[in-house]
Amino acid sequence: MRIGSVLLSLLLLGGCAHARTVTSVGERPAAPHPRFGTPGRFDPDLLRFRLAGSQRGAPPRLPAIPPPRTVDCRRHKCVALTFDDGPAEYTGHVLDLLAAHHARATFFLLGQMVTDETRDFVRRMASEGHEIGNHSWDHASLPGLSADGLHRQLDRTQEVVRKVTGVRMRLMRPPYGATNPAVDAGTRQAGLSQIMWAVDTLDWLNRNPAVIAQRSAAAKPGDIVLMHDIHATTVQALPHLLDELDRKGFTYVTVSELLGATTPGKKYTNR
């Protein structure tokens, strides 16, 4: 109990210290970064996660996943933001920015990227209501694999995410968007639907935050937007694109919230 109290005090003091930003004369003070929720809204679940994550010696526990919510995308302007190729060093910042906008997203993970250093990001995704999808083990081009090779790519990633979160993934995104009838059959057998995209930000090619934000903000209701949480420029673009989509009145949903029930093996690009 004493250790927990000390950790809580240090974290809260850290939040206060972070809020006291030194500014020059005449400058407006910067808004404090929300450490435990959004401004004006304390989030005890987020604090619980940060406390648990700070106790590295404690045995890992499966995250508490929020109950499913119902969003009627026939009445709301829904958009599904998706992030590929993580988890990586910038994933925590992406999760912070999404939390500040009450936004849920879908993360398509590479199995080999789920390590001792990144597994807390994956647990946080689950605990904060984001959706987790399969992006293969090491970003192999799936059409070039044998049936056994395809199975290994998907099954190894399914297993590592299940061990870390308890989640059985039901969606996958083929690396490079490359698929064929054999991949259709393999994903159908694995119980995974293939999720493509309607808006490609090309953030892997054009490392320009303004361009990435502009392309993302062009999304229409029902679109799935492709980004990558492994690029610093994408993280820099995220506050701007979220502000713009907020201004347009969008609701941020997971892919499953956008599409509803999906069929294993089938390909989807938008609602």
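See the structure above.
Residues numbered from 1 in each chain as written. Predicted model: local features only at pLDDT ≥ 70, side-chain atom pairs only at ≥ 80, totals over all residues. Heavy atoms only, no water.

Caption draft 1: Looking closely at the overall build of the chain. In terms of helices and strands, the chain carries 9 helices and 11 strands. Across the 271 residues in the chain, those meeting the buried criterion constitute 48%. Sequence separation of 24 or more characterises 75% of the internal contacts of the chain that already satisfy a separation of 6 or more. Of the roughly 13,900 Å² that the chain leaves accessible, carbon and sulfur atoms contribute 54%. (Helix = DSSP H or I, 4+ residues; strand = E, 2+ residues; numbered from the N terminus. Buried < 20%, exposed > 50% of the residue type's maximum accessible area, 1.4 Å probe, protein only. Contact = heavy atoms within 4.5 Å. Areas by Shrake-Rupley, 256 points an atom, 1.4 Å probe, with all protein chains shown as cover.)

Caption draft 2: Seen up close, the state of the cysteines. Enumeration according to the criterion identifies 1 disulfide in this entry. The disulfide partner of Cys73 is Cys78, and the gap between their sulfur atoms is 2.2 Å. Since a negative S-S torsion denotes a left-handed disulfide, the Cys73-Cys78 link at about -95° is left-handed. (Disulfide = S-S within 2.5 Å.)

Caption draft 3: View of the packing of aromatic side chains. Counted according to the given criterion, the structure contains 1 aromatic pair. Between Phe83 and Phe107, the ring centres sit 5.2 Å apart and the planes meet at 20°, which makes this aromatic pair stacked. With Phe83 in strand S3 (residues 77–84) and Phe107 in strand S4 (residues 106–109), the pair connects residues that are 24 residues apart, well separated along the chain. For the residue pair Phe83 and Phe107, the accessibility class agrees, reading buried in each case. Note that Arg156 overlies the ring of Trp137, its terminal NZ or CZ placed 3.9 Å from the centroid. (Phe/Tyr/Trp six-rings, centres within 6.5 Å; stacked < 30°, edge-to-face > 60°. Lys NZ or Arg CZ within 6 Å of the ring centre and 35° of its normal.)

Caption draft 4: Seen up close, the nonpolar core. By size, the foremost hydrophobic cluster in this structure holds 36 residues, and its most contacted members are Leu81, Phe83 and Phe107. Ignoring sequence-local partners within four residues, the contact set of Leu81 consists of Leu98, Ala105, Thr106, Val225, Met227, Leu241, Leu242, Leu245, Tyr252 and Val253. Of all hydrophobic cores here, the second largest spans 13 residues; its members include Cys78, Phe108, Val255 and Leu258. (Core = buried A, V, L, I, M, F, W, Y, C linked by side-chain atoms within 4.5 Å.)

Caption draft 5: Fine view of the pattern of salt bridges. Tallied over the full model, the rule gives 12 salt bridges. Between Arg74 and Asp72 there is a salt bridge; the shortest N-O distance is 3.1 Å. Residue Arg173 pairs with Asp84 through a salt bridge whose shortest N-O separation is 2.8 Å. With Arg173 in the loop between strand S6 (171–172) and helix H6 (181–190) and Asp84 in strand S3, this pair connects stretches of sequence that are 89 residues apart. Accessibility assignment for this pair places Arg173 and Asp84 in one class, buried. (Salt bridge = Lys/Arg side-chain N within 4 Å of Asp/Glu carboxyl O.)

Caption draft 6: Quick look at the packing of helix H3 (residues 91–100) against helix H8 (residues 232–247). Across the interface, H3 lies against H8 with an axial gap of 10 Å and an inter-helix angle of 10°. Comparing the axis directions of H3 and H8 gives the class roughly parallel. Residues His93, Val94 and Leu97 of H3 lie in contact with H8, whose contacting residues are Val235, Leu238, Pro239 and Leu242. Partitioned by chemical class, the residues of the contact of H3 with H8 number 6 nonpolar, 1 polar and no charged. (Axes fitted to C-alpha atoms, helices over the stretch in contact; angles between N-to-C directions. Parallel < 35°, antiparallel > 145°, perpendicular 65-115°, else oblique. Nonpolar A, V, L, I, M, F, W, Y, C, P; charged D, E, K, R; others polar.)

Caption draft 7: Molecular detail of the environment of Glu89. Positionally, Glu89 belongs in the loop between S3 and H3. C-alpha separation for the pair Glu89 and Phe121, spaced 32 residues apart in sequence, amounts to 9.5 Å.

Caption draft 8: A look at the pairing of strand S9 (residues 224–228). Across the 5 residues of S9, 5 count as buried, placing the element largely inside the fold. Strand direction decides the pairing type here: S3 and S9, joined by 5 bridges, are parallel. In the sheet register, Phe83 faces S9, and the bridge partner there is Met227. Direction of pairing for strand S8 (residues 199–200) relative to S9: parallel, over a ladder of 2 bridges. (Pairing = 2+ DSSP bridges.)

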